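Observations on chain architecture
Chain residues, written in single-letter form:
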Amino acid sequence: MSTEQRVINPATEQEIASVAVHDLDETNRAIERAAAVAPAWKKVAPVDRARLLRRFADVVDDHVEELAQLEVANAGHTISNARWEAGNVRDVLMYYSGAPERHSGRQIPVAGGVDLTFYEPLGVVGIIVPWNFPMPIAGWGLAPALAAGNTVVLKPATLTPLTALRLGELALEAGIPEGVFQVVTGDGAMVGNRFVTHPAIRKVCFTGSNAVGRRIMEGCAEQVKRVTLELGGKSANIIFADADLEKAAASAPYAVFDNAGQDCCARSRLLVQASAYERFMELFEPAVKGVKVLDPASESSEMGPLITAAQRDSVRDYVTETEVAFRGSAPEGPGYWMAPTVLETKDTTSRAFQEEIFGPVVSVVRFSDEAEAIEIANESPFGLSGSIWSRDIGRALRVARGVETGALSVNSNSSVRYSTPFGGFKQSGLGRELGPDALLGFSEEKNVFISTEES
Ligand code: NAD
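Owing to the predicted nature of the structure, the values given are computational and were not obtained by experimental measurement. (Residues numbered from 1 in each chain as written. Predicted model: local features only at pLDDT ≥ 70, side-chain atom pairs only at ≥ 80, totals over all residues. Heavy atoms only, no water.)

This part is about the sheet that holds strand 17 (residues 429-430). Strand pairs in the sheet, formed through backbone hydrogen bonds, run parallel or antiparallel to each other. Ordered by their spatial adjacency, six strands build an open sheet running 7-6-5-8-9-17, and the pairing between neighbours is mixed. Either end of the sheet is taken by a strand with one partner, and the two such strands are strand 7 (181-183) and strand 17. Here strand 8 (residues 201-207) pairs with strand 9 (residues 226-230) via five bridges, running parallel. If you follow Phe 206 over to strand 9, its bridge partner there is Leu 229. Sitting on the sheet, helix 5 (residues 134-147) is in contact with strand 5 (124-128), strand 6 (151-155), strand 7 and strand 8, with an inclination near 165° to strand 6. Along the sheet, helix 8 (residues 210-221) contacts strand 5, strand 8, strand 9 and strand 17; its crossing angle with strand 9, the most-contacted strand, is approximately 175°. (Pairing = 2+ DSSP bridges. Helix = DSSP H or I, 4+ residues; strand = E, 2+ residues; numbered from the N terminus. Contact = heavy atoms within 4.5 Å. Axes fitted to C-alpha atoms, helices over the stretch in contact; angles between N-to-C directions.)

The next thing to look at is the domain arrangement of the protein. As assigned here, the protein comprises domain 1 (3-231 + 428-449) and domain 2 (236-416). On a C-alpha basis, the centroid separation for the pair domain 1 and domain 2 is 30 Å. The partner domain 2 presents 29 residues to the 27 residues of domain 1 that form the contact. Looking only at domain 1, the three residues that lose the most surface to domain 2 are Pro 10, Trp 131 and Ser 428, adding up to 24% of its buried area. Across the contact surface, domain 1 and domain 2 share one salt bridge. When the shortest N-O distance is used, the salt bridge between Arg 83 and Glu 299 registers 3.0 Å. Our count for the contact surface shared by domain 1 and domain 2 stands at 10 residue pairs in polar contact (both at pLDDT 80 or more). Those elements giving two or more residues to the side of domain 1 that touches domain 2 turn out to be helix 3 (64-75) and helix 4 (79-97). For the side of domain 1 that touches domain 2, the element with the highest residue contribution is helix 4, accounting for four residues. For the side of domain 1 that touches domain 2, a count of residues per class yields 12 nonpolar, 11 polar and four charged. (Domains from an automatic or database assignment. Buried area = accessible area lost by both parts, 1.4 Å probe. Salt bridge = Lys/Arg side-chain N within 4 Å of Asp/Glu carboxyl O. Polar contact = N/O pair within 3.5 Å; in protein donor to acceptor, adjacent residues only side chain to side chain. Nonpolar A, V, L, I, M, F, W, Y, C, P; charged D, E, K, R; others polar.)

This is the structure:
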């Protein structure tokens, strides 16, 4: 029998809902339902699968505002971010609705016959989502998985289940057949772990912490189960003296404090060339102090609260007062608020400079030249994202090639576009999501040889 879990608004600390914590039997039943409908979903003609995904995108589009308001209340995301996130689910569904009819195999020249390849769906895919971006991360898994002909069970984070549950209802409203996309709420150690151990699940897409990601990979090894891991980050924002310093400084706060720093792509290490350091910091300080940390429901809010009191305590623990250069502001009173905080790093081996803080804290350090910038950026077990600011495009490209990370931006801090691949180097993950090739991660390539020899 399932129990209930309270869902809390992190900006008010008020309970806003309670959702089921599914037990083993219920989780098994959901997985078995997904396995039972998999053969029928696989047989849906590509043109019809495409049409259903487009309809799902349209239904999400009709509910962008509702989904966004749910995320503001459940995750403390600012309303403008939350609208973007709901719109991203719609756009990702629309993008991959073009895929079923283009997911073609090959005809390979061979002796004595014809050789064909087919992309077959894997079967049931289990998607495990963290609390920091509940909607986009759900969409990045479910849209290409369904497009490739798989059925999906999705486990949202226990803290942020509401938008996933609503997406499950909207899928049914759009005509996605019962059982093809199910949302199973509950604990990681129960529901999430069952995705790893249940033999009917053929692939696990996990986004979350490195500690859990390692366990998932170990568990999947048991059945040689396919796995994609999107894990932590400690990305570098590298500012050269020849950059447009005004633009780099004005945008640097949002590169790390967006979503209150609870972003795997947060540029939480700010590397500034020594010759421009003083000028950059002069520009950076008012930019940080200008970040509007407000009630996330307010149209002008640029940063909301952290997700829980425990998360805020963990983030505060990284802040050594002697390193604080300056801070922005945050509301007082209820809610898990923390002001954006800038540390001037004295020691690049410190915990704050090395570990993923997952909160509104950035560490600034000087570098002398290109080689040193690359060296500092790469002194990390992570390699997810990052930015390079320079007017010298040759240099920017040299540095981009030198930094060991999966998603880089030059003269910009954007990390994610649904039409381009996303994923990490080193311990930031395994595999890629999004982009034109995402369906390959949800398909097996089957080779069929047909003899043309006369009998
Ligand atoms: P988490 O690892 O605690 O939880 C992630 C999900 O895994 C949740 O749904 C949780 O319930 C589930 N889970 C927990 N234990 C499990 C187990 N034993 N078996 C199966 N599932 C289990 O992570 P979090 O705190 O929710 O999210 C923050 C982390 O996610 C950060 O490290 C962040 O960098 C990372 N993240 C990475 C990306 C990326 O794309 N690389 C994106 C967003 C977040």
